[in-house]
Protein chains: 2
Amino acid sequence: MVSDENFRKVKPYVPGEQPKNDDVIKLNTNENPYPPSPKVLEVLGNIGNSSFRKYPDPEVSDLVQALADYHNVKRENVFVGVGSDDVIAMCFMTFFNGGKPVLFPDISYAFYKVWADLLKVNYDEIPLDNDFKIIPDDYFKENGGIIFPNPNAPTGLVLGLDKVESIIASSPKTVVIVDEAYIDFGGESALSLIDKYDNLIVTRTYSKSRAMAGMRIGYCVGSAELIKVLNSVKFSYNSYTMSDIAIKTGIASLKDEDYFKQTVGRIVDTREKTKRELNRLGFTFLDSSSNFIFAKHKDIDGEQLFNALKKNKIFVRHFNSEKIKDYLRITIGTEDEMKSLIDFLKRYLGYKEV
Amino acid sequence: MVSDENFRKVKPYVPGEQPKNDDVIKLNTNENPYPPSPKVLEVLGNIGNSSFRKYPDPEVSDLVQALADYHNVKRENVFVGVGSDDVIAMCFMTFFNGGKPVLFPDISYAFYKVWADLLKVNYDEIPLDNDFKIIPDDYFKENGGIIFPNPNAPTGLVLGLDKVESIIASSPKTVVIVDEAYIDFGGESALSLIDKYDNLIVTRTYSKSRAMAGMRIGYCVGSAELIKVLNSVKFSYNSYTMSDIAIKTGIASLKDEDYFKQTVGRIVDTREKTKRELNRLGFTFLDSSSNFIFAKHKDIDGEQLFNALKKNKIFVRHFNSEKIKDYLRITIGTEDEMKSLIDFLKRYLGYKEV
């Protein structure tokens with residue numbers, strides 16, 4: 001019988017539920033409620049046999065160049081992968097190989113801890129303050145690397161660029177990754193610091209603001225030196241990660257800036273409106289700069305509310321971790337979806353308060 | 001300045017060239033010269049916004065079930081990934097974590113060594129015999145796992161199922177991976193042994209026989225116990241590796257068995273015809289059961305021939321490694337493509353022999 005002696009033992013990340021039915025209001029995985037640019041779907045009409053038959057370009061040159069042009073950097077500064085999860089996993093594998101602990105916030109993207117465990121990376125979870133804020137000074141110490149999302153998840157809080165820069169500047173010898181999955185919804189990007197700091201990696205995803213979670217595209221921008229090393233590791237893992245259709249639709253998305261700004265703007269407007277509504281209903285929440293709101297009700301337990309919503313086919317995210325168990329992470333959907341949420345909450349809370 | 005002290009140092013795999021121009025005869029990466037089933041392209045016409053906007057099913061249930069049905073196994077026996085490279089990399093990460101060396105042939109898929117180096121896996125390259133054959137007895141020793149392709153690459157030689165079984169049976173406690181990237185072109189699959197050996201993993205790819213290299217789909221079949229552990233590691237790396245379009249086109253490919261058999265049959269016929277032609281031109285080669293021929297000419301140096309072909313826009317693969325530097329690995333293309341190759345060789349060899 002096979003022995004598990006040589007097996008890697010892990011505790012995997014648990015993603016939000018992807019219900020198979022379309023009759024639910026899905027506010028649990030921070031997806032975009034709007035479709036991607038029509039230009040993206042148009043691409044499918046022009047896909048020929050060779051997009052299937054032949055291997056895709058292993059260098060992903062066209063998408064890398066399009067992203068470089070979009071961000072006004074060089075192609076040597078851009079690396080792409082199968083969602084930002086793939087990009088960040090590759091960064092962990094590439095840059096976090098020292099004995100000193102990698103630093104990240106204790107309340108943050110739960111996958112950081114999972115990657116560290118998987119890859120046997122030593123780490124230190126730095127507590128947020130009592131207002132769920134990142135304290136830059138806490139990162140000014142010896143480390144094997146630093147990673148944090150900005151805006152942070154699941155709090156939605158953004159850190160000012162001066163504070164982000166102070167963290168990058170304080171660890172010039174180790175790699176600092178700023179995970180900007182949600183930056184298009186608020187906050188100032190660290191991309192402007194790429195030329196100034198050769199230890200900086202900024203990661204981005206197509207899954208939120210670009211409405212392309214299903215296509216699996218992520219990327220990062222960094223110094224040519226870091227990107228080169230990252231590519232070496234990528235070519236030691238899988239030469240061809242991006243399908244030809246992902247490359248082509250990824251490029252198309254960048255070519256419709258008006259649509260992009262318009263849909264992101266709509267989500268931000270809905271978010272602010274939802275904040276006002278939630279406030280009226282007795283919720284307190286952090287001042288989100290992302291496409292979700294992290295909120296708790298003054299009277300009702302987080303898990304109870306999560307279950308009540310789910311029973312009514314409204315999916316939100318609830319985390320069991322002690323510090324945040326009172327909260328729900330609610331993705332911003334369409335105006336209609338948020339109205340359904342608020343209407344349900346009014347009924348539910350009214351009933352409870354009778 | 002950033003220090004490379006914490007960087008992972010690797011020597012990446014170098015994939016075959018993917019020329020951007022369409023005016024070359026591309027016989028260098030073992031792609032299928034025929035398009036995928038028309039049913040696969042039809043899928044693109046029915047792709048809607050939600051294939052983009054929403055995350056794909058992290059369990060990839062529909063494709064896993066379709067593959068299970070296709071191979072007459074349970075869904076618990078199937079794992080999918082971004083090409084078989086992703087699947088095998090995950091297997092290395094999951095199953096090869098002991099101190100004892102993992103065994104694989106010295107002349108084989110060059111990526112095995114790269115993955116082992118990347119993941120710091122101890123390994124032992126077992127020499128093929130003088131006829132480039134795998135000797136099963138050489139694998140009957142203590143090991144941390146075993147992996148070999150069947151048919152082997154780049155030799156194209158297939159090992160009989162009884163010999164494959166002898167290797168699996170000799171190491172019941174460690175995982176044995178049979179990499180069947182080319183099995184549809186010849187040889188007997190080890191899939192029939194899945195129920196008998198709980199230490200067996202059989203990997204497959206859509207990139208060769210299914211003409212879908214550009215879509216990045218690979219999978220493996222193994223005992224429910226092994227697949228479960230593999231999924232844990234996958235969910236510690238990237239929750240969503242398969243795009244929704246990959247899932248849907250992957251299923252479509254399985255539904256056109258006639259087309260599949262017909263195109264594979266054509267490639268096999270062309271291979272046998274090409275063997276006869278090469279023989280007439282003074283080539284010797286191994287008796288390939290795959291979609292390529294590993295051949296050397298009695299007079300002309302491998303590298304010289306590689307360069308002459310390339311200059312004439314015929315791309316084949318040449319490896320610099322000492323034992324095989326006289327050989328070219330020639331992918332089987334269409335009848336027309338192989339005729340162009342043979343015509344060129346006739347001219348070239350005629351010229352040299354004047």
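Scoring rules and cut-offs
Residues numbered from 1 in each chain as written. Chains lettered and ligands numbered in written order. Predicted model: local features only at pLDDT ≥ 70, side-chain atom pairs only at ≥ 80, totals over all residues. Contact = placed C-beta atoms within 7 Å. Helix = DSSP H or I, 4+ residues; strand = E, 2+ residues; numbered from the N terminus. Nonpolar A, V, L, I, M, F, W, Y, C, P; charged D, E, K, R; others polar. Buried ≥ 20, exposed ≤ 12 C-beta atoms within 10 Å, placed from the backbone. Arc of directions from axis to C-beta. Domains from an automatic or database assignment. Pairing = 2+ DSSP bridges. Axes fitted to C-alpha atoms, helices over the stretch in contact; angles between N-to-C directions. Least-squares fit on C-alpha atoms with pLDDT ≥ 70 in both. Left-handed = near helix turned anticlockwise from the far one by under 90°.

A few points about the interface of chain B and chain A
Each partner contributes residues to the interface: chain B has 70 residues there, and chain A has 70 residues. For the side of chain B that touches chain A, the elements supplying multiple residues, two or more each, are helix H1 (38-45), helix H2 (50-53), helix H4 (83-95), helix H5 (111-118), helix H7 (224-234) and helix H8 (244-254) of chain B. Looking at which element gives the most residues to the side of chain B that touches chain A, the answer is H4 of chain B, with seven residues. Of the residues that constitute the side of chain B that touches chain A, the class distribution is 36 nonpolar, 22 polar and 12 charged.

Observations concerning helix H6 (residues 161-170) of chain B
Restricting attention to buried positions, one finds in H6 of chain B the residues Val164, Glu165, Ile167 and Ile168 of chain B. One side of H6 of chain B holds all its buried residues, which, seen down the axis, span an arc of 160°.

Regarding the domain arrangement of chain A
Residue and element names in this part refer to chain A. Considered domain by domain, chain A is made up of domain 1 (25-35 + 258-353) and domain 2 (38-255). Of note, the centres of domain 1 and domain 2, computed from C-alpha atoms alone, are 26 Å apart. Taken together, the 23 residues of domain 1 in the interface contact 19 residues of domain 2. Among the secondary structure elements, those contributing two or more residues to the side of domain 1 that touches domain 2 are helix H9 (257-280) and strand E10 (292-297). Looking at which element gives the most residues to the side of domain 1 that touches domain 2, the answer is H9, with five residues. Broken down by class, the residue content of the side of domain 1 that touches domain 2 amounts to 12 nonpolar, seven polar and four charged.

So, helix H7 (residues 224-234) of chain A
All names here are of chain A. Among the residues making up H7, those that are buried are Leu226, Ile227, Val229, Leu230 and Lys234. Down the axis of H7, the buried side of the element spans an arc of 160°, and every buried residue falls inside it. Where the residues of H7 are buried, they touch strand E2 (78-81), helix H4 (83-95), strand E7 (200-205) and strand E8 (218-222).

Brief notes about the sheet that holds strand E9 (residues 283-285) of chain B
All names here are of chain B. The strand order E9-E10-E12 describes an open sheet built from three strands, whose pairing is antiparallel. Two strands lie at the open edges of the sheet, namely E9 and strand E12 (328-331), each paired on one side alone. Adjacent strand axes in the sheet meet at a mean angle of 40°, parallel and antiparallel pairs treated alike. Pairing of E9 with strand E10 (residues 292-297), which is carried by three bridges, proceeds in the antiparallel orientation.

So, the relation of the copies chain B and chain A
You can overlay chain B on chain A at an RMSD of 0.0 Å; the transform is a turn of 180° with a shift of 0.0 Å along its axis. Read as a symmetry element, the transformation amounts to a two-fold axis. Distance from the rotation axis, computed per C-alpha, reaches its smallest value in chain B at Leu44 of chain B: 3.1 Å. Both copies contact each other with a shared surface, as 100% of the interface residues of chain B are interface residues in chain A too.

What to know about the sheet that holds strand E12 (residues 328-331) of chain A
Residues and elements named next belong to chain A. Sheet architecture is open: three strands sit in the order E9-E10-E12, paired in antiparallel fashion. In this open sheet, the two edge strands, each paired with only one partner strand, are strand E9 (283-285) and E12. Recorded for the sheet is a direction-independent mean angle of 40° between the axes of neighbouring strands. Docked against the sheet, H9 engages E9 and E10, running at close to 0° with respect to E10.

Observations regarding the packing of H1 of chain B against H8 of chain B
All names here are of chain B. In the contact formed by H1 and H8, the axes pass within 8 Å of each other and the chain directions differ by 145°. Every pair of crossing elements has a handedness; the one defined by H1 and H8 is right-handed. Facing Lys39, Val40 and Val43 of H1, the residues of H8 in contact are Lys248, Thr249, Ala252 and Ser253. Grouping the constituent residues of the contact of H1 with H8 by class yields three nonpolar, two polar and two charged.

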